[in-house]
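Analysis of the macromolecular model
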Amino acid sequence: MAEDVVLEQLQRLGMTSYEAKAYVALIAAGVPLNGYEVAKRSKVPRSTVYETLGKLVGRGAAFEVNVNGATAYLPLPVESLLTGLETEFETAIRRLKAALPAVISPPKAQVVHHLNGAEIVLDRATTMIENATEDLYLAMWDEETRKLAPAIQAAEDRRLAVFLLVFGGENGKIPHAFPHRLLTAPDALEPVSRRLLLVVADRASVLVGSAVGDDMWAMHSEDPAVSLVAIEYVRHDIALQQLAGRIGVEEIQKIWQTDPELQRLAAQRGLPGSGPTRGNRP
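Residues numbered from 1 in each chain as written. Predicted model: local features only at pLDDT ≥ 70, side-chain atom pairs only at ≥ 80, totals over all residues. Heavy atoms only, no water.

**What to know about the nonpolar core**
This is how it is decided: Among buried residues, those of type Ala, Val, Leu, Ile, Met, Phe, Trp, Tyr and Cys that are joined through side-chain atoms within 4.5 Å constitute a nonpolar core. Think of it in three bands: residues with accessible area under 20% of the maximum for their type are buried, residues over 50% are exposed, and the middle band is partly exposed, with areas taken using a 1.4 Å probe on protein chains only. Here a helix means four or more residues in a row that DSSP labels H or I, a strand means two or more in a row labelled E, and each is numbered from the N terminus. A contact between two residues is defined here by any heavy atoms of the two lying within 4.5 Å.
Formed by 27 residues in total, the largest nonpolar core has its most connected members in Ile-129, Leu-136, Leu-138, Ile-152, Leu-197 and Leu-207. When contributions to this core are tallied by element, the ones reaching two or more residues are helix H6 (118-131), strand E4 (135-141), helix H7 (142-157), strand E5 (161-167), strand E7 (195-201), strand E8 (205-212) and strand E9 (215-221). Counting residues per element, this core draws most heavily on H6, at five residues. When near neighbours in sequence (up to four residues on either side) are disregarded, Leu-138 contacts Ile-129, Ile-152, Val-162, Phe-163, Leu-164, Leu-165, Leu-198, Val-199 and Val-234. Core analysis: the second largest hydrophobic core is formed by 22 residues, Leu-26, Ala-29, Leu-53 and Leu-81 among them.

Okay, here's the thing in structure tokens:
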């Protein structure tokens, strides 16, 4: 019922159950009511109804009026009540924002949030991109790039420093998108079995995700060490792609095919959590 919703929300905004019921009875009546009538309409006990009405008057949500020599009550109009509550809460939030930094202590442990589901992961990634104020380091496949493109383009329009590494597509619509030139080089990189999603906002907040088909999961952290590792990954891989563009993918392939240490490094590739690949160790 609509009345139940109103009562619940008024209590969430600071009224007691009795105060909310008495106020609803007053606004539903449309005429002044005395205490007995408020108790009858609102089901507030008669023993407490005058105390309740006094509290409404005290908070400015109701007024006392004289009707034929007796005290009656009128509600503050709903629009005025809501405007006052909105102003009150906005003021409280501003004061909290100003005062809280003086009393909080830096966290002694970094919290990691685990996210499951494509919608949840992409919503968090979008929020991070939209809230960024300085720079973004991003790495993702073209499927996720298309979905996050509006938020990324808006960040470009806000003149943030954006660095985007794209696997599997050119994505030329985004100014600072670097395609992974070596992705299809068979001797340089093994085929990937899952898609990477990486977002670092303002060098502080980091999302590392993975997807197989439509299934997606991720972890979100504000640990500076995790952010640093993610940023360095994006920086170094973009640098490698730019180098490949200068000297040619074929030359990079030759290096991978002929350098013993790079061959050894490539041979150790595998899925995270699968354990070491012992068969190729010298």
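Having put the structure on the table, let's press on.
**Quick word on the confidence of the model for the protein**
Basically, it comes down to this: Every residue carries a pLDDT, the predictor's confidence in it, which falls somewhere between 0 and 100.
Residue-level pLDDT values for the protein average 85, and 86% of them are 70 or greater. Counted against residues more than four places away or in other chains, residues 276-282, with its pLDDT under 50, gives eight contacts.

**Let's talk about the packing of aromatic side chains**
Stated formally: Each aromatic pair joins two rings of Phe, Tyr and Trp (for Trp, the six-membered one) with centres within 6.5 Å, and gets the label stacked for planes under 30 degrees apart, edge-to-face for over 60, and tilted for any other angle.
Tallying each qualifying case throughout the model produces two aromatic pairs. Look at Tyr-137 and Phe-163: their rings are 4.9 Å apart centre to centre, the planes differ by 20°, and that puts the pair in the stacked class. In this pair, Tyr-137 sits in strand E4 while Phe-163 sits in strand E5, placing the two residues 26 residues apart along the sequence. Overall, the relative accessible area of 31% leaves Phe-163 in the partly exposed class. Between Trp-141 and Phe-167, the ring centres sit 5.6 Å apart and the planes meet at 25°, which makes this aromatic pair stacked. Remark: Phe-167 occurs in strand E5 and Trp-141 occurs in strand E4; sequence separation between them is 26 residues. Taking the relative accessible area as the measure of exposure, Phe-167 reaches 6% and is therefore buried.

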